[in-house]
Amino acid sequence: MAGASNVSVDSGIFKVDALTGFRRLFYLITPNESSFATTEEVPQYMVEAGPFFLIAIGLEMMIGHLQGNHQMYRVNDSLSSVGAGMFMMLIAGVSKIFFHSVEFAVYIWLHENYRLADLPWDSPWTWLLCFLSVDMGYYWFHRYAHEINFMWAAHQVHHSSEEYNLSTALRQSVLQRYTSWVFYVPIGLLVPPSVAMVHIQFNTLYQFWIHTELINTVGPLEYILNTPSHHRVHHGRNRYCIDKNYAGTLIIWDRMFGTFEAESERVVYGVTHPINSWNPIYIQVNIP
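No experiment lies behind these values; they were computed from the predicted model shown.

Visitor: Just give me the short version of a nonpolar patch on the surface, but keep the residues and values in it.
Guide: On the surface, a nonpolar cluster with roughly 460 Å² of combined accessible area is contributed by Ile55, Leu59, Met62, Ile63 and Leu66. Within the secondary structure, leucine 59 is located in helix 3 (residues 50-66). On the basis of relative accessibility, which here comes to 41%, the residue leucine 59 falls in the partly exposed class.

Visitor: How would you summarise unusual backbone geometry if you had to cite specific residues and measurements?
Guide: In this model, tyrosine 27 sits at a positive phi of 65°, which is unusual for a non-glycine residue. Considering the arrangement of structural elements, one finds tyrosine 27 in the loop between helix 1 (18-24) and helix 2 (45-48).

Visitor: Please give an account of helix 3 that cites residues and values.
Guide: A rise of 1.5 Å per residue sets the reference length of helix 3, with its 17 residues, at 24 Å; its end C-alpha atoms lie 25 Å apart and thus fit the reference within 8%. The complete set of buried residues in helix 3 reads Pro51, Phe52, Phe53, Ala56, Ile57, Glu60 and Gly64. At its buried positions, helix 3 is contacted by helix 1, helix 2 and helix 9 (193-206).

Visitor: Lay out the pattern of salt bridges with the relevant residues and their values.
Guide: As a working rule, side chains carrying opposite charge can pair if their charged atoms are close by. Tallied over the full model, the rule gives nine salt bridges. Across the pair glutamate 147 and arginine 143 runs a salt bridge, and its minimum N-O distance is 3.1 Å. Here arginine 143 and glutamate 147 lie together in helix 6 (residues 124-147), a separation of four residues that amounts to about one turn. Taking the shortest distance from any N to any O, the salt bridge between arginine 232 and glutamate 263 comes out at 2.9 Å. Remark: glutamate 263 occurs in the loop between helix 11 (252-257) and helix 12 (280-285) and arginine 232 occurs in helix 10 (residues 228-234); sequence separation between them is 31 residues.

Visitor: Which residues make up the packing of helix 6 against helix 7 (residues 149-159), and what values go with them?
Guide: When two helices pack together, their arrangement is given by the angle between their axes and by how far apart the axes lie. Between helix 6 and helix 7, the least distance of the axes is 6 Å, while the angle of their chain directions is 100°. Considered as vectors, helix 6 and helix 7 are oriented roughly perpendicular to each other. Every residue of helix 7 that contacts helix 6 at Phe141, His142, Tyr144, Ala145, His146 and Glu147 is listed here: Asn149, Met151, Trp152, His155 and His159. Its residues assigned to classes, the contact of helix 6 with helix 7 comprises five nonpolar, five polar and one charged.

Visitor: Give me the lowdown on the nonpolar core, citing residues and values where you can.
Guide: Taken as a class, soluble globular proteins show a tendency for nonpolar side chains to be buried jointly. Counting residues in each nonpolar core, the largest one holds 46 residues, and the members touching the most others are Leu25, Tyr27, Tyr45, Phe53, Phe202, Leu205 and Phe208. Of the residues forming this core, the biggest block, eight residues, is contributed by helix 6. Tyr164, Val233, Val267 and Tyr269 belong to the second-largest nonpolar core, a separate cluster that totals six residues.

Visitor: Any chance you could break down the environment of histidine 158 for me, citing the residues and the numbers?
Guide: In this structure, histidine 158 sits in helix 7. A sequence separation of eleven residues divides histidine 158 from alanine 169, and the C-alpha atoms of the two residues are 7.5 Å apart. In contact with histidine 158, other than residues within four places in its own chain, are Thr168, Ala169, Arg171, Gln172, His211, His231 and His235. Within polar-contact distance, the side chain of histidine 158 engages the side chain of histidine 235 at 3.1 Å.

Visitor: Which residues make up the confidence of the model for the chain, and what values do they have?
Guide: Per-residue confidence for the chain gives a mean pLDDT of 89, with 90% of residues at or over 70. In this model, residues 94-99 is a region of pLDDT below 50 whose contacts with residues beyond four sequence positions or in other chains number 14 contacts.

Visitor: Please set out the packing of aromatic side chains residue by residue, giving values where relevant.
Guide: The final tally for this structure, using the stated rule, is 20 aromatic pairs. On the basis of an interplanar angle of 35° and a centroid distance of 4.5 Å, the ring pair of phenylalanine 53 and phenylalanine 208 is categorised as tilted. Of the two residues, phenylalanine 53 is situated in helix 3 and phenylalanine 208 in the loop between helix 9 and helix 10; the sequence distance between them amounts to 155 residues. Its end group placed over the ring of tyrosine 178, arginine 177 keeps NZ or CZ at 5.2 Å from the ring centre. In this arrangement the basic side chain of arginine 255 is found over the ring face of phenylalanine 260, its NZ or CZ atom lying 4.0 Å from the centre.

Thresholds applied
- Residues numbered from 1 in each chain as written.
- Predicted model: local features only at pLDDT ≥ 70, side-chain atom pairs only at ≥ 80, totals over all residues.
- Heavy atoms only, no water.
- Patch = residues over 30% accessible without salt bridge, like charges linked within 9 Å, V, L, I, M, F, W, Y side chains within 5 Å.
- Areas by Shrake-Rupley, 256 points an atom, 1.4 Å probe, with all protein chains shown as cover.
- Salt bridge = Lys/Arg side-chain N within 4 Å of Asp/Glu carboxyl O.
- Helix = DSSP H or I, 4+ residues; strand = E, 2+ residues; numbered from the N terminus.
- Buried < 20%, exposed > 50% of the residue type's maximum accessible area, 1.4 Å probe, protein only.
- Expected span 1.5 Å × (residues − 1).
- Contact = heavy atoms within 4.5 Å.
- Axes fitted to C-alpha atoms, helices over the stretch in contact; angles between N-to-C directions.
- Parallel < 35°, antiparallel > 145°, perpendicular 65-115°, else oblique.
- Nonpolar A, V, L, I, M, F, W, Y, C, P; charged D, E, K, R; others polar.
- Core = buried A, V, L, I, M, F, W, Y, C linked by side-chain atoms within 4.5 Å.
- Polar contact = N/O pair within 3.5 Å; in protein donor to acceptor, adjacent residues only side chain to side chain.
- pLDDT = per-residue confidence, 0-100.
- Phe/Tyr/Trp six-rings, centres within 6.5 Å; stacked < 30°, edge-to-face > 60°.
- Lys NZ or Arg CZ within 6 Å of the ring centre and 35° of its normal.

Right under this line is the structure:
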């Protein structure tokens, strides 16, 4: 069974249709369309999402202006964030090499030689197990990225913006991927590499839309999902915000492991020692 996402609308910039592109940003995918037998078949979801990132940023900017919020985007900050993201993708290679790097090779080697069971790659249960495992793996990576100095040195890039909008989601570190993969490797004891490759990408894609101040609350889903409200707290430098809400997709991990904090007073964004630069390369190498 090859995923339905193989049927693409390749019109140059856009590799998939608009509905598919936007629902991917919310992890609104089915096992059927996102299950693949081999890692070679797995789409580069992150690359294909690029045009939809930019459209969403444009829509957020327009809505902000219509609401009278003309300070939602600062040109210098937004260009810095987008530039940092482009620099990260440039280093990563923006190619299949990105997904067959040395880091993921360790996962493949572990699965091929030491897997505890042969889980079918096309089973919805394998898909669900991987979804939960990757999300919990991300929680622990993210938590340690705040608690261990050398990991924070890379992760602080993402927190360096004093604004909070969709462009902030693109402000990523070129070094972070060299530590994050370690937290996914144990999943290889059970889950086939192609399934993990899908969910690692979607776990990242989901976190794009939560970087906004336009959405106040999503109601009862606040108890289960990581939302804009929860993630605003994570990006805050207020005392009550520090080292809280590490979730990727599900906020349940923070509730379970004692790191959850609800949004209360107005959040002040950024790191406690501001970098005072718009240079996307300097942002990558500066250690506050």
